[in-house]
Amino acid sequence: MKKISAFWSLMLLTFCLGHAGALTLAHATDLHYLSPDLSNDSPYLAQLLKQGDGKAALYT
């Protein structure tokens, strides 16, 4: 199923490129966005540290 989906995705992309003008692609990964809710003095972070599973840490 995965190969079929990849095939049709490639076919669609090929069709679109043939009928489109300029193409701009943007790819962004691993941006390390940190929610303001997790700042050092937020109540949410304090609760997460107190009741969490131990994966969250105040300082890393």
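To keep things clear, this report deals only with the structure shown in the data block. (Residues numbered from 1 in each chain as written. Predicted model: local features only at pLDDT ≥ 70, side-chain atom pairs only at ≥ 80, totals over all residues. Heavy atoms only, no water.)

What about the overall build of the protein chain?
Link 1 in the chain: Looking only at helices and strands, the protein chain features 2 helices and 0 strands.
Link 2 in the chain: Expressed as a percentage of the 60 residues in the protein chain, the buried residues total 3%.
Link 3 in the chain: Element-wise, carbon and sulfur atoms account for 63% of the exposed surface of the protein chain, whose accessible area totals about 6000 Å². (Helix = DSSP H or I, 4+ residues; strand = E, 2+ residues; numbered from the N terminus. Buried < 20%, exposed > 50% of the residue type's maximum accessible area, 1.4 Å probe, protein only. Areas by Shrake-Rupley, 256 points an atom, 1.4 Å probe, with all protein chains shown as cover.)

A closer look at the packing of aromatic side chains
Link 1 in the chain: By the definition in use, this model includes 1 aromatic pair.
Link 2 in the chain: Between the aromatic rings of Phe-7 and Trp-8, the centroid separation amounts to 5.1 Å while the plane-to-plane angle is 75 degrees, which identifies the pairing as edge-to-face. (Phe/Tyr/Trp six-rings, centres within 6.5 Å; stacked < 30°, edge-to-face > 60°.)

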